[in-house]
Amino acid sequence: MTRLVDEIPAHLFHNCFDAAYRVFHQYGSSVVKTAVCSVMYIGGMACAWESVSDLDGWGSNPFRTLLRVFEYGHWLLGMDDEQLYLF
């Protein structure tokens, strides 16, 4: 549990910030911060879900799919009329 709380968020932040800065720095710091915060939020929720996944009803982590989207190099911009928009 300590690794989940200490190491994974730091790993997510550093890797995400480096990539987000490289891609989005020309659009300003607010875009970089938004990209990093979205990954940190989804990553944090995925980790929190995993920490309780052995309890009844918590087995399937819905955040894994979102993490896969990030792994493929896309940034989720949002939903509109049940359509997912990616950057």
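The preceding data block contains the structure.
Residues numbered from 1 in each chain as written. Predicted model: local features only at pLDDT ≥ 70, side-chain atom pairs only at ≥ 80, totals over all residues. Heavy atoms only, no water.

Novice: Can you tell me about the environment of F13, naming the residues and giving the values?
Specialist: Inspection of the secondary structure puts F13 in helix α1 (residues 2–24). Setting aside residues no more than four positions away along its own chain, F13 makes contact with V36 and M40. (Helix = DSSP H or I, 4+ residues; strand = E, 2+ residues; numbered from the N terminus. Contact = heavy atoms within 4.5 Å.)

Novice: Before we move on, can you summarise the pattern of salt bridges with the specific residues and values?
Specialist: A side chain with one charge can pair with a side chain of the opposite charge if their charged atoms come near. For the coordinates displayed, the defined rule picks out one salt bridge. For the salt bridge of E50 with R64, the shortest nitrogen-to-oxygen distance reads 3.1 Å. Here the residue E50 occupies a position in helix α2 (residues 29–51), and R64 occupies one in helix α3 (residues 63–71), the gap between them amounting to 14 residues. (Salt bridge = Lys/Arg side-chain N within 4 Å of Asp/Glu carboxyl O.)

Novice: Which residues make up the side chain of N61, and what values go with them?
Specialist: Within the secondary structure layout, N61 lies in the loop between α2 and α3. Within the structure, the side chain of N61 is placed 3.0 Å from the backbone oxygen of A46, a separation counted as a polar contact. In contact with N61, other than residues within four places in its own chain, are A46, W49 and E50. (Polar contact = N/O pair within 3.5 Å; in protein donor to acceptor, adjacent residues only side chain to side chain.)

Novice: A description of the nonpolar core should follow, citing residues and the corresponding values.
Specialist: Counting residues in hydrophobic clusters, the biggest one holds 13 residues, and the most contacted among them are A20 and F24. Elements represented by at least two residues in this core include exactly α1, α2 and α3. By residue number, the principal contributor to this core is α2, which donates seven residues. With sequence-adjacent residues up to four places away left out, A20 is seen in contact with H25, V32, A35 and V36. (Core = buried A, V, L, I, M, F, W, Y, C linked by side-chain atoms within 4.5 Å. Buried < 20%, exposed > 50% of the residue type's maximum accessible area, 1.4 Å probe, protein only.)

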